Amino acid sequence: MKKLAIVLSLMIWSLVFTAGPIQAQSVNRTVTSVSSSQSGGQLPAPVLSGIKTVSYQCIKISWRKVASADGYRIYRKTSGTAWKPLKNVDSSTLSYKDKTVEPGTTYYYTVAAYKKSGKKITYGKYSNSGIYGKTSLETPKLSGITADSETIRLKWKAVPGADLYYVYRRLSNGNWSKIASKSADSSLSYTDKNAILGTTYNYTVRAVRNVGSTKVKSDWDKNGLSAVCLPDTPKLVEAKASGDTGFLVAWEAVKNADGYRVYRKMDGGKWKAVISLEKDILSYHDESALAGVSYQYTVRAYQLVSGSTITGGYDENGLSASRPIGTVKLVSADSSKGSQAILVWESVPGINGYYVYRKDNGKWVRIADITEPDQTSFMDEGLTMGNSYTYTVKAYSQGTSKKYYGGYEADGISVTIVAGAPKLKNAQYVDSQSVELTWSKVGDVDGYRIYRSVDGGKFKKLADVKKASVTSYVDETAKVGSSYSYKVCCYNTVNGEKILGFKSSGKEVHASIAIDVSKWNKTVDWEKVRAAGIEIAMIKIGSSNNGGLMDECFEENIRQAKEQGIRVGVYFYSYAQSLEDVQAELDYFLPLLEPYRDQLDLPVAYDFELESRQKEELKEENTAMICMFCDGLEEAGYDSMVYSGAYMFDKYIDYEKVYPYGIWLARYYGDNTLSYDGYKGKSPTYIRDFGAVNMWQYSTDGSIDGISTKVDLNVCYLP
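We now turn to the structure provided with this report. Predicted model, so just to flag it, every value in this text is computed and none were measured.

This part covers the overall build of the protein chain. When helices and strands are tallied, the protein chain shows 8 helices and 51 strands. For 719 residues, the compact-globule estimate of 2.2 N^0.38 gives 27 Å, and the protein chain exceeds it by more than 25% at 58 Å. On the principal axes, the C-alpha backbone points of the protein chain span a range of 185 × 75 × 50 Å. Relative to its full complement of 719 residues, the protein chain shows a buried share of 45%. Counted over contacts in the protein chain with a minimum sequence separation of 6, partners at least 24 positions apart contribute 65%. Here the protein chain has roughly 36000 Å² of accessible surface; of this, 45% comes from carbon and sulfur atoms. With 88 positive and 80 negative side-chain charges, the protein chain shows a separation of 31 Å between the mean positions of the two kinds.

Below is the structure:
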């Protein structure tokens, strides 16, 4: 039983191997088989208690003490060889370091105790199986890895006993592949020049020792170190406020870069991409940055690889830049809208908005937040007529968590509230010496004041309209031949004083005496006509009688009239009885008119007054015929006008449909004793009834120096 306990107490160790480059571990094995000593002595075999690797060239064994032993002999062998003695040691030594081993070889050890008797040494028993183990090279310790845009550099620490090193590389989750062999006499580093940009690689190293013809390899760091080739980090040159708005950031070029990305953050926030630029651009002007806010800028280079964009590193601190918010410059404050004040200021670049302030009891009170940075005006409504108000404005920018403010004009700008300008709708002659004005009604006013300018002179007060409900006025002092311009303003009476508002924009009117002539007026001396003061003439070009007939005096009349500087228009007398006839008139008339196109100063008139068409049942067809002829003129590029008498327009033509073409109205009052000096009888009301006409033929019995016959007289309201 005692022997069995001894046997069971002995430990059995196995050597474990793993695939790939590994570092072998030292093991020991104690066996029970015991051989006799060479001399057959009776000392028992020492119990082998351990074996371990001290270094790649040293194995240490140990054993237990044998009573009465004078010493011990250590034996060693390798697989397939016989035991050979290594060394004898005294009885006090219970371990031994074998410094003659080579890594990668398994060595077996055993120990025998001995006794001395004089010079005689007697060896005891020893374990025939012994214990065994082997050494290995240390696993190289990786000390660092760096990468640039083209290479990856790996470093490691020296391994004692290594003759060379194998460098391995793999892709993520891939298999290790040997890519290089480095002599131990060279630098303890390797530069991989075959790395693909943007691809992450893992690297590791094994130490190797040449033992005879065998290369013994160390274990390796199974994780290794990883790195990736990326574009170099751009070196920032400057970041500063630039120009009236924005910031300029600049950097140095990066080798092989295909472009750059500019990043920005404000108030210590997060980096955000602003723009991507081409490789030749090494600066960027940021117009979207806000004034008042502190910004940081940084830049990353990128390269394009097989359709993918590989982005490099960046300066994490970046460069800072900021600019102050400008002081708002006030431009104007007015009350052109009546009970409203309109405030205008100059734009401040690079901001989010404006605060508008109004002074109340000596203190500034904020009355509006303008959130559109392009808005540079504000309307303050509901103000009291006659009161004065003072305003100022300051700009602001919104940062990450707070607002930044610019300066403001401390004195502000003031405005007194007066009535807004009415809209002058129309100013037109309603007879030969009366101009009627109409304007839009303005609320909360007491009345209106009329101003007039004669022949380009200064505007002077013409009249006051003392009722706010009245929005028209007739100037009965206007004279044909003069030019007039009119303006209107509102007023309010405050403490017995009229407070005038803003004037409307002006309206100009002009009326001239015009004549119309044909062959019936015979030969005209146009030099005398011009000397008599006539500036405008309507000249008959022809008619549709007998299929088409040109007036025999037309060519001479238009030539001489133009030579005298008289403005001319033409008219065509219609004999049409149907729409087909109108088309025939156009076919005849338009080619007849074409050579004189550039000589016309006034519209082309269609004279539609034939007695046979004066029937109520023909009204619709008459209207269609006029529209057809005038449309033909307009489509050919001429201004049109319709000539007829008031009775014709009243009964036999749909006046509302032909009015847009322009009206030349024939209407005579009294005994036809009018001269071109002006209408001397009672002002006819029919012109007002027909609205604003282009021309009014008020007489067929006029006398003009240079014309031997009676001549038609007209008032022309065209400019």
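Structure's up, so let's keep going.
It is worth spelling out the nonpolar core at this point. The nonpolar side chains of a soluble globular protein tend to be buried with one another. In this structure, Tyr486, Ile515, Trp526, Val529, Phe649 and Val658 are the most contacted members of the largest nonpolar core, which totals 76 residues. Here the element with the most residues in this core is helix α5 (residues 619-635); it accounts for 6 residues. Once residues lying within four places of it in the same chain are set aside, the contact partners of valine 529 are Ile515, Val524, Ile534, Ile566, Ile704, Asp705, Gly706 and Ile707.

Moving on, we get to the pairing of strand β14 (residues 177-183). Of the pairings in the sheet, the one linking strand β13 (residues 164-171) to β14 comprises 6 bridges and is antiparallel in character. Bridge pairing links tyrosine 165 to lysine 182 in β14.

Between its first and last C-alpha atoms helix α4 (residues 579-593) spans 20 Å; for 15 residues at 1.5 Å apiece the expected length is 21 Å, and the two agree. Taken together, the buried positions of α4 are Val582, Glu585, Leu586, Phe589, Leu592 and Leu593. Viewed end-on, α4 has its buried residues packed into an arc of 140°, placing them on one side of the element. Counted as exposed and oriented over 90 degrees from the buried face of α4: Glu580, Asp587 and Pro591. Buried residues along α4 sit against β44 (536-543), β45 (549-550), β46 (567-573), β47 (604-607) and α5.

Before going further, it helps to examine the packing of aromatic side chains. The final tally for this structure, using the stated rule, is 28 aromatic pairs. When the centroid spacing of 5.1 Å and the interplanar angle of 45° are considered together, the rings of tyrosine 108 and tyrosine 132 count as tilted. Here the residue tyrosine 108 occupies a position in strand β7 (residues 107-117), and tyrosine 132 occupies one in strand β10 (residues 131-133), the gap between them amounting to 24 residues. An aromatic cluster is defined as three or more aromatic residues linked by ring pairs; in this entry it consists of Phe572, Phe589, Tyr606, Phe608 and Phe629. Sitting over the ring of phenylalanine 247, arginine 323 keeps its end group 5.9 Å from the ring centre. When the ring centre of tyrosine 491 is taken as origin, the NZ or CZ atom of lysine 498, which lies over that ring, is 5.1 Å away.

Procedures and definitions
Residues numbered from 1 in each chain as written. Predicted model: local features only at pLDDT ≥ 70, side-chain atom pairs only at ≥ 80, totals over all residues. Heavy atoms only, no water. Helix = DSSP H or I, 4+ residues; strand = E, 2+ residues; numbered from the N terminus. Rg over C-alpha atoms; globule rule 2.2 N^0.38 Å. Buried < 20%, exposed > 50% of the residue type's maximum accessible area, 1.4 Å probe, protein only. Contact = heavy atoms within 4.5 Å. Areas by Shrake-Rupley, 256 points an atom, 1.4 Å probe, with all protein chains shown as cover. Lys, Arg positive; Asp, Glu negative; His and termini not counted. Charge placed at Lys NZ, Arg CZ, Asp CG, Glu CD. Core = buried A, V, L, I, M, F, W, Y, C linked by side-chain atoms within 4.5 Å. Pairing = 2+ DSSP bridges. Expected span 1.5 Å × (residues − 1). Arc of directions from axis to C-beta. Phe/Tyr/Trp six-rings, centres within 6.5 Å; stacked < 30°, edge-to-face > 60°. Lys NZ or Arg CZ within 6 Å of the ring centre and 35° of its normal.

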